[in-house]
Amino acid sequence: MPRDVTEFAYSLLDKGLVPDFILRIIIRALCRQRLRTIDHGSLFSPVLGPYAKYSSCLYPTGRETLEQAEILMLDSYCEKAQLTDGMDVLDLGCGWGSLSIYLAQKYPKSRIIGLSNSSTQKLYIDAIAKEKGLNNVKIITGDVNIFEFGDTQCFDRILSIEMFEHMKNYEVLLRKISTWLRPTSADHAHESFLFVHLFCHKMTPYHFEQDDGWMAQSFFTGGTMPSHDLLAYFQSDLTLVRSWYINGRHYSRTLEAWLEKQDRNAKAGIKELEKDAISKGLDKEEGRKAFYRFRIFYMACSELFALNGGEEWGIGHYLFKPKIMQQS
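A brief look at the structure comes next. Small disclaimer: the values here were computed from a predicted structure and weren't measured.

Scoring rules and cut-offs
- Residues numbered from 1 in each chain as written.
- Predicted model: local features only at pLDDT ≥ 70, side-chain atom pairs only at ≥ 80, totals over all residues.
- Heavy atoms only, no water.
- Helix = DSSP H or I, 4+ residues; strand = E, 2+ residues; numbered from the N terminus.
- Buried < 20%, exposed > 50% of the residue type's maximum accessible area, 1.4 Å probe, protein only.
- Expected span 1.5 Å × (residues − 1).
- Phe/Tyr/Trp six-rings, centres within 6.5 Å; stacked < 30°, edge-to-face > 60°.
- Lys, Arg positive; Asp, Glu negative; His and termini not counted.
- Salt bridge = Lys/Arg side-chain N within 4 Å of Asp/Glu carboxyl O.
- Contact = heavy atoms within 4.5 Å.
- Pairing = 2+ DSSP bridges.
- Axes fitted to C-alpha atoms, helices over the stretch in contact; angles between N-to-C directions.
- Parallel < 35°, antiparallel > 145°, perpendicular 65-115°, else oblique.
- Left-handed = near helix turned anticlockwise from the far one by under 90°.
- Nonpolar A, V, L, I, M, F, W, Y, C, P; charged D, E, K, R; others polar.

1. Some remarks on the overall build of the protein chain
- Check the secondary structure of the protein chain and you find ten helices and nine strands.
- By residue count, 51% of the 328 residues in the protein chain fall in the buried class.

2. As for helix α10 (residues 285–306)
- Taking 1.5 Å per residue as the helical rise, α10 with its 22 residues ought to reach 32 Å, and the 32 Å between its terminal C-alpha atoms agrees with that figure.
- Of the residues one or two after α10, Asn308 is the one with positive phi, at around 50 degrees.

3. Quick notes on the packing of aromatic side chains
- Throughout the structure, instances matching the rule amount to 16 aromatic pairs.
- Centroid distance Phe147 to Phe149: 4.9 Å. Interplanar angle 80 degrees. Geometry classified as edge-to-face. Taken individually, Phe147 and Phe149 each receive the classification buried, so the pair is uniform in this respect.
- Aromatic rings pair up to connect Tyr54, Trp258, Phe294, Phe297 and Tyr298 into one cluster.

4. Thoughts on the side chain of Glu70
- Note that Glu70 resides in helix α3 (residues 66–80).
- Despite its burial, Glu70 pairs with no opposite charge; the closest candidate is Lys53, at 7.3 Å N-O.
- If near-sequence neighbours (up to four positions away) are discounted, Glu70 is found in contact with Gly49, Pro50, Tyr51, Ala52, Lys53 and Cys57.

5. Some details on the pattern of salt bridges
- If you walk through the whole model with that rule in mind, you get 15 salt bridges.
- Across the pair Asp156 and Arg182 runs a salt bridge, and its minimum N-O distance is 2.6 Å. Note that Asp156 is positioned in the loop between β3 (137–141) and β4 (157–161) and Arg182 in the loop between α6 (170–180) and β5 (193–201), a separation of 26 residues in sequence.
- Here Asp156 falls in the buried class, since its relative accessible area comes to 6%.
- Between Lys321 and Glu191 there is a salt bridge, with the nearest N and O atoms lying 3.6 Å from each other.

6. Side note on the sheet that holds strand β9 (residues 313–322)
- Within the open sheet, the seven strands sit side by side as β3-β2-β1-β4-β5-β9-β8. Their pairing is mixed. Here the strands that pair on one side only, and so sit at the sheet edges, are β3 and β8 (238–246). In this sheet, neighbouring strand axes are inclined to one another by 20 degrees on average, regardless of whether the strands run parallel or antiparallel.
- Pairing between strand β1 (residues 88–92) and strand β2 (residues 111–116): five bridges, direction parallel. Looking at β2, one finds that Leu90 is bridged to Ile113.
- Along the sheet face, helix α4 (residues 98–106) touches β1, β2, β3 and β4 and points at about 175 degrees away from the line of β2.

7. Description of α6
- Of all the positions in α6, only Tyr170, Leu173, Leu174, Lys176, Ile177, Ser178 and Trp180 are classed as buried.
- Buried-residue contacts for α6 involve β1, β2, β4, β5, β7 (224–225) and β8.

8. Notes on the packing of helix α8 (residues 249–264) against α10
- Two numbers describe how α8 lies on α10: the axes approach to 8 Å, and their chain directions differ by 160 degrees. The orientation of α8 relative to α10 falls into the category roughly antiparallel. Note on packing geometry: the crossing formed by α8 with α10 is left-handed. Contact residues: α8 offers Arg249, Tyr251, Ser252, Leu255, Glu256, Trp258, Leu259, Gln262 and Asp263, while α10 offers Phe291, Phe294, Arg295, Tyr298, Met299, Cys301, Ser302, Phe305 and Ala306.
- Considered class by class, the residues forming the contact of α8 with α10 number eleven nonpolar, three polar and four charged.

9. Side note on the pairing of β9
- Counting buried positions along β9 yields nine of ten residues, so the element is predominantly enclosed.
- Looking at chain direction, β5 and β9 are connected through eight bridges and run antiparallel. Counterpart to Val196 in the pairing with β9 is Tyr318.
- Of the pairings in the sheet, the one linking β8 to β9 comprises eight bridges and is antiparallel in character. Among the inter-strand pairings, Trp244 is bridged to a residue of β9, identified as His317.

10. A look at the environment of Asp276
- Structurally, the position occupied by Asp276 is in helix α9 (residues 266–279).
- Residues Asp276 and Gly287 lie eleven residues apart in sequence; the distance between their C-alpha atoms is 7.0 Å.

11. As for the packing of α3 against α4
- Taken N-terminus to C-terminus, the directions of α3 and α4 make an angle of 70 degrees; their axes are 11 Å apart at the nearest point. Classified by the interaxial angle, the pair formed by α3 and α4 is roughly perpendicular. You can see that α3 and α4 cross each other, and the crossing is right-handed. Where α3 approaches α4, its residues Ile71, Leu74, Asp75, Tyr77 and Cys78 are matched on the opposing element by Ser98, Leu99, Tyr102, Leu103 and Lys106.
- In terms of residue class, the contact of α3 with α4 is built from seven nonpolar, one polar and two charged.

Here's what the structure looks like:
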C-alpha cells in the first residue's frame, strides 16, 4: 500500500472515523494474511477488571463476568503451579501486579516478590498493597536481562505471565531463571517449579517487525509470537513437566470485555488521556488518538484470537522444574 494512502488510513483510525464492522472485516483479512505468511515460512484502570489483569482471563462457560474470569485464570495458575501457603514466590514481569496482589491475599504466609522494569508499575502496586494492608509482597524494579538476585535468594515457585513474548533469547533467559529456583533434591522431597503463561500461535513462531504495519509499530515492536511448542526446545537447564493449550476464544472474550468497558467509560477515558498528553507537553489530540488506538488494538487482538474457533492463536501454559542435582 502506498505510504500516503497508509498514512491517510491511519489518520482516520486515530480519529475514530472507521466504523467497527469495517474494522473487523479488515482485521480478519489481516489475520488470514498472517496465517498465509507463517504457513509459508494509564487507560488501564477503567478498562480492566478489579485485579487489573492485563492478560487473558478464563471463561469456561462463556457466560462469566470479567471479574469472575480474572479470578478463574488466577486460580488456574495456582493449581497448575502447585502453590501452597508459606512459599517464596517470584512474579517475574509482574506488570500492574494482578498476580502479585492475588497471591499475597490468597497465601498470607507466603513471601511474594514481583520484578518489573517499570517504576510506575512499582508505585501502583505498592499503593494497592498498602491500601489492602498486605505486608507480604515486595516489588523490585529491574531489567530481567541484567538483574541478579543475591546468592541467598531462591524461590519455591516462579510464575511469569505474558513476559516471554517480549524476550528473544529463551536459552539464556531460562538458564538465568533456573539459578533463581530452589534446587530439587535427589529424593524429590522438595521440588520447585517455573510456571509460564504466554500467548502463542499453535504451530508457527514469528517476530513482530517494524514494517509489519500499524499493530507492530504501535504495540508490539520487537516482540515475539511464540509457537505453542517453542519452549520445549529450550530444556538445557529446566525440564518441561507439562504444557497446556488454552483456546484463543478465552482471550477474545477478555478483549471484548475490555473494549466494552472502555466504550462505557469513553468520556472519562478520553478526558483523562487528553490530560495526560498535556502533562507530557503534547497536544491533547494525542490523548484522543491513544483512546481510539486502544479500541482498534482490542478489536484486532480479539479477532485474531477468535479466528478459526480459537484454534490458530491461543494461550500456552507451561510447567518446568530444575534438573536433578547429580551426586558426585
